[in-house]
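# Understanding the architecture of this molecule
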Amino acid sequence: MSHDELGRLADEQAALRRVATLVARGVPPAEVFAAVAEEVGRLLGTDLAQLGRYEPDETVTRVAGWSREGDPPPVGLRYPLGEGVLAALVWRTGRPARLDSYAGVPDPGAALARQLGIRSSVGCPITVQGRLWG
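This text gives an overview of the structure that appears in the document.

Each value, and the rule that gives it
Residues numbered from 1 in each chain as written. Predicted model: local features only at pLDDT ≥ 70, side-chain atom pairs only at ≥ 80, totals over all residues. Heavy atoms only, no water. Helix = DSSP H or I, 4+ residues; strand = E, 2+ residues; numbered from the N terminus. Rg over C-alpha atoms; globule rule 2.2 N^0.38 Å. Contact = heavy atoms within 4.5 Å. Areas by Shrake-Rupley, 256 points an atom, 1.4 Å probe, with all protein chains shown as cover. Lys, Arg positive; Asp, Glu negative; His and termini not counted. Charge placed at Lys NZ, Arg CZ, Asp CG, Glu CD. Buried < 20%, exposed > 50% of the residue type's maximum accessible area, 1.4 Å probe, protein only. Pairing = 2+ DSSP bridges.

### Some remarks on the overall build of the chain
A count of helices and strands for the chain gives 4 helices and 7 strands. For the chain, whose C-alpha radius of gyration is 15 Å, the value lies close to the compact-globule estimate of 14 Å for 134 residues. Taking the principal axes of the C-alpha coordinates as reference, the chain spans close to 45 × 35 × 30 Å. Relative to all contacts within the chain whose residues are 6 or more apart in sequence, the contacts with residues 24 or more apart total 34%. Carbon together with sulfur atoms contributes 54% to the accessible area of the chain, which is approximately 8600 Å² in total. Across the chain, the centroid of the 15 positively charged side chains sits 2 Å from that of the 16 negatively charged ones.

Now the structure itself:
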């Protein structure tokens, strides 16, 4: 394993410890979710990281967000899992997905992504007891 790989692994383990410490202290879920979004965003070097919860009515609710600059989109924002939305791709397949462009996608979630200047996105499912979180 290279020096860079070892450093990355150490960073990931430190992030996991910070989140696990919050869970062990019994902090409210919203605080844990916010910490997860920030840790993921910093580890991956992104501009924006978000966590969403899938709802039974085929919508997704934003439960946490982190932004390198400025405020992330608000928590509680709920939008449908329409065509061309990254959360919909992850929900339908249960697998990680990438969306390279929101151009021309007539969905409210895609419109918000364009408004925020998001050009591409990567999403990964969170499973709890073998089920997609939601």
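### Digging into the environment of Leu9
Tracing the backbone shows Leu9 in helix H1 (residues 3–25). For Leu9, a relative accessible area of 37% translates into the label partly exposed. Here the alpha-carbon distance between Leu9 and Glu39, two residues 30 residues apart in the chain, equals 13 Å.

### Focus on the pairing of strand S1 (residues 48–54)
In this structure, S1 lies alongside strand S2 (residues 59–67), joined through 7 bridges in antiparallel fashion. When the sheet's bridge partners are listed, Tyr54 is paired in S2 with Val60.

### Notes on the environment of Asp107
Relative to the elements of secondary structure, Asp107 occurs in the loop between strand S4 (97–99) and helix H4 (108–115). Judged by relative accessible area, which is 9%, Asp107 ranks as buried. Sequence separation of Asp107 and Pro28 is 79 residues, and the distance between their C-alpha atoms is 32 Å. Residue contacts for Asp107: discarding those within four places in its chain leaves Pro80, Gly82, Glu83 and Val85.

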